[in-house]
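# Results of the structural survey
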Amino acid sequence: MKSYNYFCSTQIQMGMGKAIQLPEMLQSLEIGSSILIVSDPGVVRVGLVEPIQTALEASGYRTLLFDSIEQNPRDADCLEGAKIFHEFDADAVVAIGGGSAMDTGKTIALCGPNGGTPSDYADGLRSYSNIAPIICIPTTAGTGSEVTRSAVITEKSTHRKMTLKHASLRPILAVLDPSLTFSVPSTITAATGVDALVHAIEGYTCKVTNPISQALGAKAMQTIVSSLPTAFRDGQNEEARQAMLEGSLLAGLCFGSADVAAVHCLAEALGGLYDTPHGVANAVFLPHVLRFNAAENKQMHATLARYMNFANDSDTEEIAVEKLIEGVTSFTEALEIPRLKDLPGVREEDFPRIVELAIQNNSTSSNVRSITSTDYQQILEQAYYSNCIEVSG
Ligand code: NAD
């Protein structure tokens, strides 16, 4: 019998307008009174940080905003933030934003009190201890970082996207307020939503999955497939925005105690090299990795097709798998996600480097079907050249 554990220590608060209630929520957590707010310029620009910062100040908290963050956040940004954390003598980090802001916030809460670089922790040279309390307020419905034990940071000198992973990187509190996602542009709604879908799929299928993650993943897949098209077309739709935040949360809870797999390994390689938005990078590889994995795991992938309503109970396994790959392809096409070939910067000469980065990724070993460098190279070529995806037996 397989043994597993499932752990999530994060208090989750969900609801329209909840973010502004942060000061009351913090009172019971006894986190100290000096708070470093970590966000990014885009989130600050649309006005999501100011009301929360004002509410904290009005309740007696001392706050400072750090927002020097790029997408696919860099180790150098985290070090700068850690220095500011130290100088400000912060007690806790409140991260407001998408995965980039939340992961930077987590890493600052780690490096601020302890020193060291993100690479030191990712490479096991320093231990994860004495981490400052982390509170996350997601403004995209995608990464699930508000409940995961991971922070994904790019090592600038090598383009390596590193995953820092430890239970203590889990936020103590996640405040999910769908109204903060109304301002997300449709392209980012699409990309982040597909990222969440891939979390659910990979968390469900990966070698280290467990029944709890699978239950969460199944619900996440259903929720995301049924609500993302509406959130994409009508960003002010409250029901769809809340459903997407729930879907990404469930997907985060799914893979957070399991893992991601080959789609993410390729996507992180792409993001590290070309700064491709993370969700877009996931979307371009998803059908091709599904095709590869389904060839050895038909029953499991037929089940996925039924969860996502791409196939029904009367379809044979073979047909359900075919419908899964077709369904996922049409789903991402309808969300107007570009193809690999059309992404800025992507060059065939870089394929060996992408393969190298993907194979080095810790999550490669979690892929449901064992995968080699040659397989990664073939998947890359299929994603780059093919307009139609065939199902192989
Ligand atoms: P992001 O945080 O990079 O944000 C993308 C863009 O959207 C930014 O320009 C940002 O300013 C803007 N934005 C965010 N919220 C907005 C809002 N409400 N209104 C208007 N604009 C808004 O994107 P993301 O997809 O959320 O995060 C991606 C990062 O998260 C990647 O680095 C990825 O590797 C990482 N990630 C981490 C985990 C984890 O568990 N820690 C999981 C998956 C992905």
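Remember, it's a predicted structure, so these values are computed and weren't measured experimentally.

What follows concerns the site of the ligand. The environment of the ligand is made up of 30 residues, and the closest members are Asp40, Ser100, Thr139, Thr140 and Thr148. Asp40 places a side-chain nitrogen or oxygen 2.8 Å from an oxygen atom of the ligand. Here a nitrogen atom of the ligand and a side-chain polar atom of Asp103 are 2.9 Å apart. Looking at the shell around the ligand, the elements with two or more residues in it are helix 2 (41–45), helix 5 (99–114), strand 6 (150–155) and helix 7 (186–205). Taken together, the residues of the shell around the ligand sort by class into ten nonpolar, 16 polar and four charged. Counting residues domain by domain, the shell around the ligand receives three or more from each of domain 1 (11–181) and domain 2 (186–385).

With 98% of its residues at a pLDDT of at least 70, the chain reaches an overall mean of 95. Overall, residues 388–393 carries pLDDT values under 50, and its contacts beyond four positions in sequence, including any with other chains, amount to 14 contacts.

Moving on to the domain arrangement of the chain. Its domain assignment divides the chain into domain 1 (11–181) and domain 2 (186–385). Its C-alpha centre places domain 1 at a distance of 26 Å from the equivalent point of domain 2. Facing the 28 residues of domain 1 at the interface are 31 residues of domain 2. A combined buried area of about 2,400 Å² lies between domain 1 and domain 2, and 55% of that area is made up of carbon and sulfur atoms. Taken together, the links from domain 1 to domain 2 amount to two salt bridges. Across the pair Arg74 and Asp275 runs a salt bridge, and its minimum N-O distance is 2.9 Å. Those elements giving two or more residues to the side of domain 1 that touches domain 2 turn out to be strand 1 (11–14), strand 6 and strand 7 (160–165). The element best represented in the side of domain 1 that touches domain 2 is strand 7, accounting for four residues. Counted by class, the side of domain 1 that touches domain 2 contains eight nonpolar, twelve polar and eight charged residues.

Definitions and cut-offs
What you see as residue numbers is a count from 1 along each chain, following the sequence as written. Local features are withheld for residues below a pLDDT of 70 in this predicted model, meaning they are given only at 70 or higher, and side-chain atom pairs are given and counted only at 80 or more; totals for whole chains, interfaces and linings count all residues. Each side-chain value is worked out from all heavy atoms of the structure, with water and hydrogens disregarded. In these notes, residues near a molecule or strand are those with any non-hydrogen atom within 4 Å of it. Polar contact is defined as a pair of N or O atoms within 3.5 Å, subject to the rule that within protein one atom must be able to donate a hydrogen and the other to accept it, and that residues adjacent in sequence are counted only when both atoms are side-chain atoms. A run of DSSP states H or I qualifies as a helix once it reaches four residues; a run of E qualifies as a strand once it reaches two. Both are numbered from the N-terminal end. Note on residue categories: nonpolar means Ala, Val, Leu, Ile, Met, Phe, Trp, Tyr, Cys or Pro, charged means Asp, Glu, Lys or Arg, and polar means any other residue, Gly included. Bear in mind that the domain bounds are from an automatic or database domain assignment. Scored from 0 to 100, pLDDT records how confident the predictor is in each individual residue. We call two residues contacting when some pair of their heavy atoms lies within 4.5 Å. As a working definition, buried area equals the accessible area (1.4 Å probe) given up by two parts on being put together, with both sides summed. Salt bridge, as used here: a side-chain nitrogen of Lys or Arg that lies within 4 Å of a carboxyl oxygen of Asp or Glu.

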